[in-house]
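Okay, here's what each chain looks like letter by letter:
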Amino acid sequence: MDKTLTQTSKPKLKKPNRFQVLLLNDDYTAMEFVVEVLKRFFSKSEEAAQAIMLKVHIEGEGVCGTYSHDVAQTKVSQVIDFSRKNEQPLMCVIRELGN
């Protein structure tokens, strides 16, 4: 009797997609407010928040962090809600990273 052993391989787990959260420049939001948002919602130090704020101001956008889709979407909602409550037009968006 010929018994053939079949080797079962573990299914390859696909890494979840990652998303960058970006702040977009506008001509109205105060720079100090952007720094506050970065510190409050992205746990950035004063120095890191200043650097990202300047990047947003000069280049038009700046990366706040990279997260799973759900976390990124939550961060965007929190930033936009906080901005509107403080009468600031700051925009925050997500961009999917290629895998």
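Treat the numbers as computed from the prediction; the structure is a model and nothing was measured. Sequence order sets the numbering: in each chain, residues are counted from 1 along the sequence as written. This being a predicted model, a pLDDT of at least 70 is required before a residue's local features are given, and a value of 80 or more before pairs of side-chain atoms are given or counted; all residues contribute to the totals for chains, interfaces and linings. Hydrogens and waters are ignored; side-chain quantities use all the structure's heavy atoms.

A. Geometry of the pattern of salt bridges. Every case where a carboxyl oxygen of Asp or Glu lies within 4 Å of a side-chain nitrogen of Lys or Arg is listed as a salt bridge. One pass over the full model with this rule turns up four salt bridges. The salt bridge partner of arginine 40 is glutamate 36, with a shortest N-O separation of 3.2 Å. Taken as a pair, arginine 40 and glutamate 36 lie in helix α1 (residues 31–42) at a separation of four residues, close to a single helical turn. For each residue, the accessible area found with a 1.4 Å probe, counting protein chains only, is set against the maximum for its type, and the residue is called buried under 20%, exposed over 50%, and partly exposed in between. For glutamate 36, a relative accessible area of 31% translates into the label partly exposed. Between glutamate 61 and arginine 95 there is a salt bridge; the shortest N-O distance is 3.0 Å. Of the two residues, glutamate 61 is situated in strand β2 (residues 61–67) and arginine 95 in strand β3 (residues 91–96); the sequence distance between them amounts to 34 residues. The secondary structure listing takes helices from DSSP runs of H or I that are at least 4 residues long and strands from runs of E that are at least 2 residues long, numbered from the N terminus.

B. Broad picture of the sheet that holds β2. One bridge is not enough; two strands pair if DSSP finds at least two bridges between them. Judged by pairing direction, the sheet is antiparallel, and its three strands sit side by side in the order β2-β1-β3 without closing on themselves. Because the sheet does not close on itself, it has two edges, and the strands there are β2 and β3. This sheet shows a mean twist of 30° between the axes of neighbouring strands, independent of strand direction. Where strand β1 (residues 19–24) meets β3, six bridges bridge the pair, whose relative direction is antiparallel. By the bridge assignment, leucine 24 is partnered in β3 with methionine 91. Working convention: axes come from line fits to C-alpha atoms, limited for helices to the stretch in contact. Angles between N-to-C directions cover 0 to 180 degrees.

C. View of the side chain of threonine 29. In this fold, threonine 29 is placed in the loop between β1 and α1. A polar atom in the side chain of threonine 29 sits 3.2 Å from the backbone nitrogen of leucine 90. Any two residues whose heavy atoms approach within 4.5 Å at even a single point are treated as in contact. Sequence-distant contacts of threonine 29, defined by excluding residues within four places in its chain, comprise Val34, Gln88, Pro89 and Leu90. Throughout this description, a polar contact denotes any pair of N or O atoms lying within 3.5 Å of each other; where both atoms belong to protein, one of them has to be capable of donating a hydrogen while the other can accept it, and for residues adjacent in sequence the pair is counted only when both atoms sit in side chains.

D. Representation of unusual backbone geometry. One non-glycine residue, serine 43, adopts positive backbone phi at about 50°. Counting through the fold element by element, serine 43 comes out in the loop between α1 and α2 (46–59). Positioned with a positive phi, glutamate 87 is a non-glycine residue whose angle comes to about 55°. A residue is classified by how much of its surface remains accessible, and glutamate 87, at 72% relative accessible area, is exposed.

Purely geometric stuff here, so don't read any function into it on its own.
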